[in-house]
Amino acid sequence: MAKDSYLVGLIGSGIGPSLSPALHEREADRQGLRYLYRLIDIDVLGLAPEAVGDLVRAARDLGFDGLNITHPCKQLVIEHLDALAPQAEALGAVNTVVFEEGGRAVGHNTDVTGFAASFARGLRDAPLERVVQLGAGGAGAAVAHATLTLGAERVTVVDALADRAADLAGSLNRHFGAGRAVAVTPDRLPALLAGADGLVHATPTGMAAHPGLPLPAELLHAGLWVAEVVYRPLETELVRTAGALGCAVLDGGGMAVFQAADAFRLFTGREPDSARMLTDIAALAESSAGQVV
């Protein structure tokens, strides 16, 4: 018989203001489930990101049903898992761990499907020939895969760490075909954005702990659509600035909801109501200030 009680959690850095607990628990309440979602903040615990393996093992031993994983542990957690779902393996990043019967820890990635669903909903007719993406970390890998899956002709990956950008571009080309992705350094941004269709932002800049713009405001222009992954605050400085310039803008709320809905489904085997969860996140974001999933 299906369970009616679940214990899950989130491992990451600076996650105190996360809306994930409320998103999951509200939907569970509506479905008549007992559902506890706990934050496991490595900053509060005084642990390095590399301790994620110990935390996963402890959660499994304590009877957790699963975990969400966020910055900066999405790639570090992989070596501590028993298996990866195909999408997580292709990405090299995990944001959801399910403890199967017997304690087997399986990694999934719901960031890809979450971003794709949000983009299809909020920027349905946006041109996708030339897309520039800022950020090549765990979230960056997911949204780049999603963008190419949505039909982008080419994604140019920009990251302060040149090797990380090159690794992601190489992985994308192996998965989607040669020439679909290229890595460049940040000094190329002015020329790239002048002729780009859209900008995907996938760095922590804009979160409560990392306020500000991820690029000079003068590089934005009305011919550009802008998609944000940071959801708390929903109106980051990038979203606000781009919107004021006339850009079509997608905030990070949709991705947060759709990835949470997919994780909820993996944890419980039950179908969440994404429309209700979209209403939840708008209300939750309005009532508090903060950060990212």
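Residues numbered from 1 in each chain as written. Predicted model: local features only at pLDDT ≥ 70, side-chain atom pairs only at ≥ 80, totals over all residues. Heavy atoms only, no water.

Trainee: Explain the layout of surface pockets here, please?
Mentor: Remark: the empty space left among the atoms is shown by a probe the size of a water molecule rolled over them. By volume, the largest pocket is sized at about 570 Å³. Surrounding the largest pocket, 31 residues form its lining, His71, Gly137, Ala202, Thr203 and Pro204 being those nearest its centre. Looking at the lining of the largest pocket residue by residue, the classes come out as 19 nonpolar, eight polar and four charged. Put simply, the second largest pocket is a space of about 170 Å³. As for the second largest pocket, its lining consists of 13 residues, of which Arg130, Val131, Arg154, Thr156 and Leu192 are closest to the centre. Sorting the residues of the lining of the second largest pocket by element identifies β7 (130–134), β8 (154–158) and β9 (181–184) as the ones contributing at least two each. Per-class residue counts for the lining of the second largest pocket are six nonpolar, two polar and five charged. (1 Å grid on protein atoms, 1.4 Å probe; cavity = no way out; pocket = protein on both sides within 12 Å on 5 of 7 lines; lining within 4 Å. Points joined across faces, edges and corners; volume = space filled by probe spheres on them. Nonpolar A, V, L, I, M, F, W, Y, C, P; charged D, E, K, R; others polar. Helix = DSSP H or I, 4+ residues; strand = E, 2+ residues; numbered from the N terminus.)

Trainee: Is there a simple way to think about the environment of leucine 81 in this case?
Mentor: Mapping leucine 81 onto the fold places it in the loop between β3 (66–69) and β4 (83–84). On the basis of relative accessible area, leucine 81 is assigned to the buried category, the value being 13%. When the C-alpha positions of leucine 81 and alanine 183 are compared, they lie 29 Å apart, and in sequence the two are 102 residues distant. If we skip the residues at most four places from it in the chain, leucine 81 touches Val56, Val94, Val97, Ala105 and Gly107. (Buried < 20%, exposed > 50% of the residue type's maximum accessible area, 1.4 Å probe, protein only. Contact = heavy atoms within 4.5 Å.)

Trainee: What am I meant to see in the nonpolar core here?
Mentor: Note that soluble globular proteins tend to have their nonpolar side chains buried in a common cluster. Judged by nonpolar contacts, the single largest core of 32 residues is most densely connected at Phe115, Phe119 and Trp225. Examining the composition of this core, we find that six residues originate from one element, helix α6 (residues 138–149), more than from any other. With residues near it in sequence (within four places) discarded, tryptophan 225 still touches Phe119, Leu123, Ala126, Pro127, Leu128, Val131, Asp197, Gly198, Leu199, Val200 and Ala248. Core analysis: the next-biggest nonpolar cluster, separate from the first, contains 18 residues, Ile40, Leu55, Ile69 and Leu81 among them. (Core = buried A, V, L, I, M, F, W, Y, C linked by side-chain atoms within 4.5 Å.)

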